[in-house]
Amino acid sequence: MTATTLDPKTALVVIDLQKGIVGRETAPRPAAEVVARSAALADAFRAKGLPVVLVHVVDGAPGRNESPAGSGGQPPADWAEIVPELGPREGDIVVTKRTWGAFHGTDLDLRLRRAGVTQIVLTGIATSIGVESTARAAYEHGYHVTIATDAVTDMDAGTHRNSVERIFPRLAETDTAEVIAGLLG
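Looking only at helices and strands, one finds six helices and six strands in the protein chain. Whereas a compact globule of 185 residues would reach a radius of gyration of roughly 16 Å, the protein chain reaches 15 Å, a difference of no more than 12%. By residue count, 48% of the 185 residues in the protein chain fall in the buried class. The average position of the 18 basic charges and that of the 23 acidic charges among the side chains of the protein chain differ by 4 Å.

Take a look at the structure:
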């Protein structure tokens, strides 16, 4: 845990806290904890006039793979709706994605740069998929990245642990949501 500072123009980017994903079984922590910590961070960012980005996924990337995400049926109509604890609230940025990461195929980078953002704080589900993919892309785009490790979770505790222990330290600073909120001043 090493979060040292937040840039003056830091955005909170919340990954896939939507009804269809939050309703799944997660590990190592329940989705409700991630939602609560993310909502608290979102409120803290809003209070400081900093951008809050709510990302939700509406589809999957085309292409074959050995482990398809869906069961083959149609998801419920509200599957992609962002959970009400998070909003969106007035002024929030909503990004709709169709792949794992929030940058590919979206206008996220453009919107962050127009707002003067130089750093992002990440929360959400799933640690090893949407959060990690977004962290990698943010790092490659030149953003400073901080991850609230107690505000992310996965469908598998092992993949979560790999991301937090091995991948994130190479891309970002990490700490708890409480410490990160404290860095807002």
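Attention shifts here to helix H4 (residues 127-140). Relative to the 20 Å expected for 14 residues at 1.5 Å per residue, H4 spans 18 Å between its end C-alpha atoms, a close match to the ideal helical length. Summarising burial for H4: 10 of the 14 residues are buried, a large majority. Among the structural elements, strand E1 (10-15), strand E3 (93-97), strand E4 (119-125), strand E5 (144-153) and helix H5 (157-171) are those in contact with the buried residues of H4. Within two residues after H4, Gly142 carries a phi angle of roughly 90 degrees, on the positive side.

Burial of E4 is extensive: seven of the seven residues sit out of reach of the surface. Residues Gln119, Val121, Thr123 and Ile125 line one face of E4 and the alternating positions Ile120, Leu122 and Gly124 line the opposite face, and both faces are buried. Taken together, the six bridges between E1 and E4 define a ladder with parallel strand orientation. Counterpart to Thr10 in the pairing with E4 is Gln119.

Right, let's talk about the sheet that holds strand E6 (residues 173-175) for a bit. Taken in spatial order, the six strands of this open sheet run E3-E2-E1-E4-E5-E6, and their pairing is parallel. Strand pairing shows two members of the sheet lacking a second neighbour, E3 and E6, which therefore form its edges. Neighbour to neighbour, the strand axes of the sheet diverge by 25 degrees on average, direction disregarded. The sheet strands contacting H4 are E1, E3, E4 and E5, and the helix crosses E4 at an angle near 165 degrees.

Okay, the side chain of His160 next. The residue His160 is located in helix H5 in this model. Overall, His160 belongs to the buried group, its relative accessible area being 7%. The residues contacting His160, other than those within four sequence positions of it, are Ala27, Pro28, Arg29, Thr127, Thr149, Val152, Thr153 and Asp154.

Before going further, it helps to spend a moment on the nonpolar core. With 28 residues, the main nonpolar core has Leu12, Leu17, Leu41, Phe45, Leu86, Ile125 and Ile180 as its most contacted residues. Within the residue set of this core, elements represented by two or more residues are E1, helix H2 (31-47), strand E2 (52-57), E4, E5 and helix H6 (177-183). Looking at this core element by element, the count peaks at seven residues for H2. Setting aside chain neighbours within four positions, we find Leu86 in contact with Val14, Leu17, Ser38, Ala39, Ala42, Arg46, Leu54 and Asp92.

Going residue by residue along E3, you find Ile93, Val95 and Lys97 tucked away on one face and Val94 and Thr96 left uncovered on the opposite face. Examined bridge by bridge, E2 and E3 share five bridges and lie parallel to one another. Counted as the bridge partner of Val57 is Lys97 from E3.

Between Ala27 and the following residue, Pro28, the backbone shows a cis peptide bond with an omega angle of 15 degrees. Backbone geometry at Asp16 places phi at a positive 55 degrees, although glycine is not the residue there.

By the definition in use, this model includes 10 salt bridges. Lys97 is the salt-bridge partner of Asp16, the closest N and O atoms lying 3.0 Å from each other. Pair noted here: Asp16 is in the loop between E1 and helix H1 (19-22) and Lys97 is in strand E3, with a separation of 81 residues, a long-range link. For the pair Asp16 and Lys97, one class covers both residues: buried. Across the pair Glu132 and Arg136 runs a salt bridge whose closest N-O atoms are separated by 2.8 Å. Taken as a pair, Glu132 and Arg136 lie in helix H4 at a separation of four residues, close to a single helical turn. Via salt bridges that share partners, Lys19, Asp78 and Glu81 belong to a single interconnected network.

The rules behind the values
- Residues numbered from 1 in each chain as written.
- Predicted model: local features only at pLDDT ≥ 70, side-chain atom pairs only at ≥ 80, totals over all residues.
- Heavy atoms only, no water.
- Helix = DSSP H or I, 4+ residues; strand = E, 2+ residues; numbered from the N terminus.
- Rg over C-alpha atoms; globule rule 2.2 N^0.38 Å.
- Buried < 20%, exposed > 50% of the residue type's maximum accessible area, 1.4 Å probe, protein only.
- Lys, Arg positive; Asp, Glu negative; His and termini not counted.
- Charge placed at Lys NZ, Arg CZ, Asp CG, Glu CD.
- Expected span 1.5 Å × (residues − 1).
- Contact = heavy atoms within 4.5 Å.
- Pairing = 2+ DSSP bridges.
- Axes fitted to C-alpha atoms, helices over the stretch in contact; angles between N-to-C directions.
- Core = buried A, V, L, I, M, F, W, Y, C linked by side-chain atoms within 4.5 Å.
- Salt bridge = Lys/Arg side-chain N within 4 Å of Asp/Glu carboxyl O.

Just geometry here; none of it tells us what the structure is for.
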